[in-house]
Amino acid sequence: SQQGEEDPQALSIQEGENATMNCSYKTSINNLQWYRQNSGRGLVHLILIRSNEREKHSGRLRVTLDTSKKSSSLLITASRAADTASYFCATDAGLNFNKFYFGSGTKLNVKP
Amino acid sequence: DVKVTQSSRYLVKRTGEKVFLECVQDMDHENMFWYRQDPGLGLRLIYFSYDVKMKEKGDIPEGYSVSREKKERFSLILESASTNQTSMYLCASRRTGMKGVSNQPQHFGDGTRLSIL
């Protein structure tokens, strides 16, 4: 399976701390995306990083991609209680532009 | 903003019933998807459609069918519901990116939590 796998499965931190989540995948990709899911809701797209990029920033989010290790990390700086959610990475399926593989997610709890 | 609307947030049906889950998007996206989400298994693709009347199987199509008669609407059908189809179902839509590049994000609805008794 090409499914991405997030690590850790769950993470609990205090407000103001940084949160780092990791994603590993198995085969070559064109890009990798990160999504957030609040409890009982759908997924919301956060950021996309292309296979030829190594790092990307968006507000308090920083994503890195290491294609040699087939891994990515999502860093949320200065976390807030509102960041409490599950975070998923999604990888494309190479030549099939419409197939994406999601991992089982990291459940982040930010304590006020 | 893109809006993807799923017709029901919660649905309870009985084993053997034919169940319809409806999804509508308002941004003229070519591509639409149905996933199911189960604890510890992430999102698994059931079917997707890249154009009206076109469909392609995902990773777990067994027991499901889909219909896309209009661009904005994508329906998931459980032909004869079974208890192992109890799950959260998520619909998504996506614009087609540049040819050969899958760089457009997916936009999700809020999901339908389906219980089969």
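Quick look at the structure, then. (Residues numbered from 1 in each chain as written. Chains lettered and ligands numbered in written order. Predicted model: local features only at pLDDT ≥ 70, side-chain atom pairs only at ≥ 80, totals over all residues. Heavy atoms only, no water.)

Glancing now at the sheet that holds strand β7 (residues 64-70) of chain B. Residue and element names in this part refer to chain B. The strand order β1-β3-β8-β7 describes an open sheet built from four strands, whose pairing is antiparallel. Across the chains shown, the open sheet's two edge strands, defined by having one partner strand only, are β1 (4-6) and β7. Taking each pair of neighbouring strands and ignoring which way they run, the sheet shows an average axis angle of 20°. Pairing of strand β3 (residues 19-25) with strand β8 (residues 73-78), which is carried by six bridges, proceeds in the antiparallel orientation. The residue bridging Phe 20 from the neighbouring strand is Ile 77, located in β8. (Pairing = 2+ DSSP bridges. Helix = DSSP H or I, 4+ residues; strand = E, 2+ residues; numbered from the N terminus. Axes fitted to C-alpha atoms, helices over the stretch in contact; angles between N-to-C directions.)

The full count for this structure, using the stated rule, is eight salt bridges over all chains. Between Asp110(B) and Arg41(A) there is a salt bridge; the shortest N-O distance is 3.0 Å. Here Asp110(B), found in the loop between β10 (107-108) and β11 (112-116), pairs with Arg41(A), found in the loop between β4 (31-37) and β5 (43-50), and the two come from separate chains. Arg41(A) gets classed as partly exposed once you look at its relative accessible area, which sits at 41%. With a shortest N-O distance of 3.2 Å, Asp28(B) and Lys71(B) are connected by a salt bridge. Of the two residues, Asp28(B) is situated in the loop between β3 and β4 (31-38) and Lys71(B) in the loop between β7 and β8; the sequence distance between them amounts to 43 residues. Within the structure, one salt-bridge network assembled from shared partners comprises Arg36(B), Asp38(B) and Arg44(B). (Salt bridge = Lys/Arg side-chain N within 4 Å of Asp/Glu carboxyl O. Buried < 20%, exposed > 50% of the residue type's maximum accessible area, 1.4 Å probe, protein only.)

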